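# Structural overview for review
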Amino acid sequence: MTTTTPGPSALRGAVGTARIRIEGREKVTGAARYAGEIPFADLAHGWLVLSTVTRGRILDVETDPVLAMPGVLTVLHHGNAPRLHTDYVGMLGTPPDPTCAVFQNDRVPFAGWPVALVVAETPEEAREAAEALVVTYDSEPHDTALHAEHPGAYAAAGHMPAETEKGDLEAQLAASAFVVDAEYTTPEEQHSMMEPHAATARWEGGRLEVVDSNQGAGWVQGELATMFSLDASSVRVRSEHIGGGFGSKGLRAHQVSAVMAATALQRPVRVVLTRRQTFSLGGYRSPTTQRVRLGAAPDGRLLALEHRSLNQTSTVYEFVEPSAGVARVLYDADAHRTANHVVRLDVPSPTWMRAPGEAPGSFAIEAALDELAERGGIDPIELRLRNEPDVGPVSGLPFSSNNLAACFREGARRFGWADRDPRPGVRREGRWLLGTGTAAASFGAGAAPSTALVTAEADGSFTVRITAADIGTGARTALTLIAADALETAPEQVRVRIGDSDFGPAMIAGGSMGTRSWAWAVTAAAAELRERLAMTTSIPPEGITVRSDTTEALGALARKERHSFGAQFAEVAVDTATGEIRVRRMLGVFAAGRIVNPLTARNQLVGGMTWGISMALHEEAVRDRNTGGHYAPDLAGYHVATHADTPAIEVDWVDDHDPDDPVGIKGVGEIGIVGAAAAVANAVWHATGVRHRNLPIRPDRVLAATVPEPAGGAADA
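Structural notes, computed from the coordinates. Because the structure is a prediction, the values reported are computed rather than measured.

Moving on, we come to unusual backbone geometry. Note the cis peptide between Leu695 and Pro696, where omega equals -5°. A positive phi is found at Glu488, a non-glycine position, where the angle reads about 55°. Mapped onto the elements, Glu488 comes out in the loop between α13 (475-487) and β23 (494-497). Residue classification places Glu488 among the partly exposed positions, given a relative accessible area of 42%. Here Ser512, not a glycine, exhibits a phi torsion of approximately 55°, which is positive. Within the element layout of this structure, Ser512 appears in the loop between β23 and α14 (514-534).

Structure below.
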């Protein structure tokens, strides 16, 4: 059978047209089933028991009374659980977090450490038994407090060099006409995705199958196979629909414990984390303490830039929140020094969270730039444009493209920046002080090797199979549009199947690299398939399948600085009598490569900017230093922005072409949050004249601040 003739939509080009999500109807009607909803015959349910001490050893787990309770099938703990292989480097280039390797010893390194899994016939029976399980501990002194002068701090690399340095910093600071030297802090932040973590494990025909909610089925498959000493081909991981991830949904304790229980009982076992359990087991963004020193010539050109960041990590696993990394991209200076440090504390392990490093780092560096602009009497946008680098400030590599200036110019025009009175605290509307602020944004635009399968079916349609993950970004729809254009057909003729490790290795949904990496693989497979179809006059009933692998193509890329850029703008109203802050409007203009689906891309950017409002004004997970646990670890105690806190947010983009990418994508998943909190904080300064260097800017902090007279100088909070 010959291939179908491209339809009208294909001839126009599917990429770049606004399309609703392919699975949208299923999601809003409840037909789309998530990991915790899929039925299995003879399903048992596991409930994790978490430690109640912050540091120490387990002395005893009293299982007998619990095993006698109705419906209880087994209790797994360090005394009877199988031994796991953990001495390896995983897909992300790091060893596994020991929190995932559950029940391997009697140590308790933080409050909320998994100490047992109770498995029962129903979730209710499992929970009741888990809450009745008595665990005895030998408690030890603990340290959970992060502060700038902590003696245990040390330089740590993570996924970038720990420290970079060029030039004589002290000499350039001494030569500067005006200087900023300030400390900025951000609190612990939680992922709090709509769908908590859930996994079901079962053995079928000698093969382990895990139905999971994750950001990379191949990633989880590889980790589980290695940890349980299994051949990778004997493990299958499926993740059809994911209700948000943000970096949290990799390998976690619930998957490993579910596999352990399914192996012990030889029946399917499901483990779902509660909202409270995600606060200790789901990962989080570490609090940061950042020091920024800037020095500039009279014209605003930076002579000195230092950005040092400190974050906490657990005693069992090193995770770096590389907040100083954003300064290595956005601004150059004659003397340039950046450093990422960590300190090991008796706390859970932090993990990747939307724009890791860039989100908190942009708050510090962009607030400091704003302070420098005020001290030098220079417009904040103009100061940034005067310091835009021609090449990577640290790497010296050329940019694949850098359209930050275009973002600022277009954003300033649309926001009405030219009409702004630069003096703080002078614009009033009734009880409200009004202010506007801006900030720059940058996030890496990478790609990772991926494989894809594209099949020309006998009925003239096409099937794409790739181990991608749609964590709410609309990736399934974007890949359909990309495949349709590559195959020169209509999107209606393309079926995209994702979320199955059997489809072969592919990049995870993370680092804003998912769609770019997958699109590259799909495009390559589609191009080869078209060539094969051109050489045949018929398609056999079983179809023709082509497999691509982008490893070689990516390895041949020239070394460049590859990033998305953006300009953030915010207007706020502040009531200094009540401490209330309202964001009235926001605008983000981005240079993020080719936009595949304007509808879902805009959703992602608006979502990121909304999170920036939440980061600036609301989010703060607070630990009790006595217990090491959180105060109110739920969505009643952990505040996030709601509809009432969110204004009309406007998003747009400028042309941004990357000549090295066959699809031209850069990624929009994370750039939206970068700089957003800084823009809000800078607007609060402009409204009140008070500089807030500690997030979130709570009402009590506004009330505690000293507000200067209108047109006066800036105060600090």
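On we go from here.
Okay, the packing of aromatic side chains next. Summed over the entire model, instances satisfying the criterion amount to nine aromatic pairs. The interplanar angle of 80° and the centroid separation of 5.3 Å between the aromatic rings of Phe110 and Trp113 together place this pair among those described as edge-to-face. A centroid spacing of 6.0 Å and a plane angle of 90° characterise the contact between Tyr184 and Phe363, whose relative ring orientation is edge-to-face. With Tyr184 in strand β9 (residues 178-186) and Phe363 in helix α10 (residues 358-376), the pair connects residues that are 179 residues apart, well separated along the chain. Here Phe363 falls in the buried class, since its relative accessible area comes to 0%. In textbook terms, an aromatic cluster arises when at least three aromatic residues are bridged by ring pairs, as seen for Phe408, Phe415, Trp417 and Phe569. Of note, Arg585 hangs over the ring of Phe415, and the distance from its end group to the ring centre comes to 3.8 Å. Over the ring of Tyr284 we find Arg623; its NZ or CZ atom is 5.7 Å from the centre of that ring.

With that settled, the discussion passes to the side chain of Thr289. On the secondary structure map, Thr289 appears in strand β16 (residues 288-296). A relative accessible area of 11% places Thr289 in the buried class. Those residues within four positions of Thr289 in sequence are excluded, and the remaining contacts are Leu146, Ala148, Glu183, Tyr184, Thr185, Arg308, Ser309 and Leu310.

So, on to the pattern of salt bridges. Oppositely charged side chains are able to pair whenever their charged atoms sit close together. Applying the stated criterion across every chain, the model contains 61 salt bridges. Across the pair Glu240 and Arg476 runs a salt bridge whose closest N-O atoms are separated by 3.3 Å. In this pair, Glu240 sits in the loop between β13 (235-238) and α7 (253-265) while Arg476 sits in helix α13, placing the two residues 236 residues apart along the sequence. Overall, Glu240 belongs to the partly exposed group, its relative accessible area being 39%. For Arg476, a relative accessible area of 5% translates into the label buried. Residue Arg414 pairs with Glu410 through a salt bridge whose shortest N-O separation is 3.8 Å. Here Arg414 and its partner Glu410 are both found in helix α12 (residues 404-415), four residues apart, which amounts to about one turn of the helix.

This next bit is on the sheet that holds strand β5 (residues 114-120). Where strands meet in a sheet, backbone hydrogen bonds hold them as pairs that are either parallel or antiparallel. Taken together, seven strands build an open sheet; the order of strands is β3-β5-β1-β14-β11-β12-β13 and the sheet is mixed. Of all the strands in the sheet, just β3 (72-77) and β13 have a single pairing partner and so form its edges. Within the sheet, the average angular offset between the axes of one strand and its neighbour, ignoring direction, is 20°. Here strand β11 (residues 198-204) pairs with strand β14 (residues 269-272) via four bridges, running antiparallel. Counted as the bridge partner of Ala201 is Val269 from β14. The strands touched by helix α4 (residues 123-132) are β1 (44-50), β3 and β5; relative to β1, the strand with the most contacts, the crossing angle is about 25°. In the packing of helix α6 (residues 217-227) onto the sheet, contacts are made with β12 (207-212) and β13, and the angle to β13 comes to roughly 145°.

Rules used throughout
Residues numbered from 1 in each chain as written. Predicted model: local features only at pLDDT ≥ 70, side-chain atom pairs only at ≥ 80, totals over all residues. Heavy atoms only, no water. Helix = DSSP H or I, 4+ residues; strand = E, 2+ residues; numbered from the N terminus. Buried < 20%, exposed > 50% of the residue type's maximum accessible area, 1.4 Å probe, protein only. Phe/Tyr/Trp six-rings, centres within 6.5 Å; stacked < 30°, edge-to-face > 60°. Lys NZ or Arg CZ within 6 Å of the ring centre and 35° of its normal. Contact = heavy atoms within 4.5 Å. Salt bridge = Lys/Arg side-chain N within 4 Å of Asp/Glu carboxyl O. Pairing = 2+ DSSP bridges. Axes fitted to C-alpha atoms, helices over the stretch in contact; angles between N-to-C directions.

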